[in-house]
Amino acid sequence: MSMQILVADDDSAIRTVVSQALMRAGFEVRVTSNIATLWRWISAGEGDLVITDVLMPDGNAFDTLPRIKNSRPDLPVIVMSAQNTFMTAIKASEKGAYDYIPKPFDLIELVAIVRRALSEPRPGAQAGAPPEELQDSMPLVGRSPAMQDIYRALARMMQTDLTVTITGESGTGKELVARALHDYGRRRKGPFVAINMAAIPRELIESELFGHEKGAFTGAQARTSGRFEQAEGGTLFLDEIGDMPMEAQTRLLRVLQQGEYTVVGGRTPIATDVRIVAATNKDLRQLISRGLFREDLFYRLNVVPLRLPPMRERVEDLADLARHFFARAEKEGLPRKTLNQGALDVMRRYSWPGNVRELENLVRRLSALYPQDEITAELVEHELSNDAASSPAMENDRGRPIDLSAAVERYLADYFASFGEGLPPPGLHDRILRDVEYPLIAAALAATRGNQVRAAELLGVNRNTLRKKIRDLDISVVRSIR
Ligand SMILES: Nc1ncnc2c1ncn2[C@@H]1O[C@H](COP(=O)(O)OP(=O)(O)OP(=O)(O)O)[C@@H](O)[C@H]1O
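Residues numbered from 1 in each chain as written. Predicted model: local features only at pLDDT ≥ 70, side-chain atom pairs only at ≥ 80, totals over all residues.

(A) The site of the ligand, seen in detail. For the ligand, the set of nearby residues contains 19 residues, the closest of which are Ser170, Gly173, Lys174, Glu175 and Val356. In terms of residue class, the shell around the ligand is built from five nonpolar, nine polar and five charged. Two domains each provide a minimum of three residues to the shell around the ligand, namely domain 2 (160-307) and domain 3 (312-472). (Near = placed C-beta within 6 Å. Nonpolar A, V, L, I, M, F, W, Y, C, P; charged D, E, K, R; others polar. Domains from an automatic or database assignment.)

(B) View of the sheet that holds strand 2 (residues 28-32). An order of 2-1-3-6-7 is seen for the five strands of this open sheet, with the pairing classed as parallel. If you trace the sheet from one side to the other, it starts and ends with strand 2 and strand 7 (99-102), each paired once. Neighbour to neighbour, the strand axes of the sheet diverge by 20° on average, direction disregarded. Alignment of strand 6 (residues 77-81) against strand 7, held across four bridges, turns out to be parallel. Bridging across to strand 7, Ser81 finds its partner in Pro102. Sheet contacts for helix 1 (residues 12-24): strand 1 (4-8), strand 2 and strand 3 (49-53); angle to strand 2, the most-contacted strand, approximately 170°. Each of strand 1, strand 2 and strand 3 is contacted by helix 2 (residues 35-43), which is oriented at about 160° to strand 1, the strand it contacts most. (Pairing = 2+ DSSP bridges. Helix = DSSP H or I, 4+ residues; strand = E, 2+ residues; numbered from the N terminus. Axes fitted to C-alpha atoms, helices over the stretch in contact; angles between N-to-C directions. Contact = placed C-beta atoms within 7 Å.)

(C) Spatial organisation of the pairing of strand 2. Direction of pairing for strand 1 relative to strand 2: parallel, over a ladder of five bridges. Across the sheet, the residue bridging to Ala8 is Thr32, located in strand 2. In terms of handedness, the path from strand 1 via helix 1 over to strand 2 forms a crossover that is right-handed. (Right-handed = clockwise from strand over helix to strand, strands pointing away.)

(D) Structural view of the environment of Arg254. Within the secondary structure layout, Arg254 lies in helix 10 (residues 246-258). Residues Arg254 and Leu297 lie 43 residues apart in sequence; the distance between their C-alpha atoms is 9.1 Å.

Here it is in structure tokens:
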């Protein structure tokens, strides 16, 4: 007997293509344009699977999902929506949908999901009420296909404790995703503890992570707890995992294999209940081949790999992200700004080596430094050229800014080389100092929201000197209202 699929969508074109595709795949299909009919069928025990749109003329499918889950916990429901945001994916998962499919979708993929849903044993009703207080906040912004994939993957992982490894260039949002996994997952009531392997001296990493007994090493004057202990019952975010020393890797592997560890200098194994989320901007496979990362640990960590795409692969998200950051700046008391089309075009053509973080900083500068309400292409070009002049030389292989004079040295070597046998035009000293001074003063003003008294204090220069420099360097300043 063929399986019956119930399809609900108020768009007749969608009903037609979906039902044709399903019938071709051998399913029996019933279609409706409203929730009332869908609910009537479901409560009468009809259908083996449901595909429904979210917004319908007579209601919202999310409001009906709990009822469906109550009366028929084993009935898989696939939710389709054109509102392709993080919250839609999360809501679908929290309300117990089997899967969420952003519109427009691929029919082949839809049929594949239907087959998978029908062949899997159903675990029954999903547990856990949605976290009401988090319903309206939107931690992750962007509706590009690349981000859709991330949202769906996250929604599936929310209800699990699987170990996740997030890869992506610096500033792509790895830490934000790790937090979202925690805040919307079933450990949200527990602690979220983050530790960055690249930020701690290597010899201290093991004791930071696992704690140490009194006298475990010189200077260990008392027993201290490690991050594992602090994260008990919650999530431990291991940032820059590629920088983890070998001995710590071995201890971590044991946690993942046996669910226990020993503190440095201790003997008794301690059981632990911590979800691990790791992140890296390095290629771990390459580190493995160079003998710097344990392969067995890699496989344990990489249970669910998540790759965050760089900004340049999701330019569709620029407008949403910029609007989000401008709105945030406004909340902080800076004047309201909008980008015009030309400005957006310039941003779409830019390569964003610093990814979302670079965009966030750009928006902050644009909000703080310019009086115009509408941001134009020229302003964006001006700010980006200041960024681009320095950024390629400014990052080492960890994606962190390196020593400023080393960066200037590298910049100058390239600069001189570009004149071949000849010399650059005279006046180099002033030009270079100006190039350093401009971003320095702009950053100080942005950080103090345009408050010149505080900016002068921060820079350690006299207020009149700052005023003169702002004039000479032609920096526009707006005071924030707060
Ligand atoms: N999709 C997004 N929506 C909103 N804000 C974002 C998004 N992605 C990143 N951000 C913001 O961009 C900044 C950089 O993100 P985050 O620190 O998570 O990046 P990261 O990949 O962990 O960087 P690093 O590797 O340098 O530590 C943060 O301020 C974060 O809030």
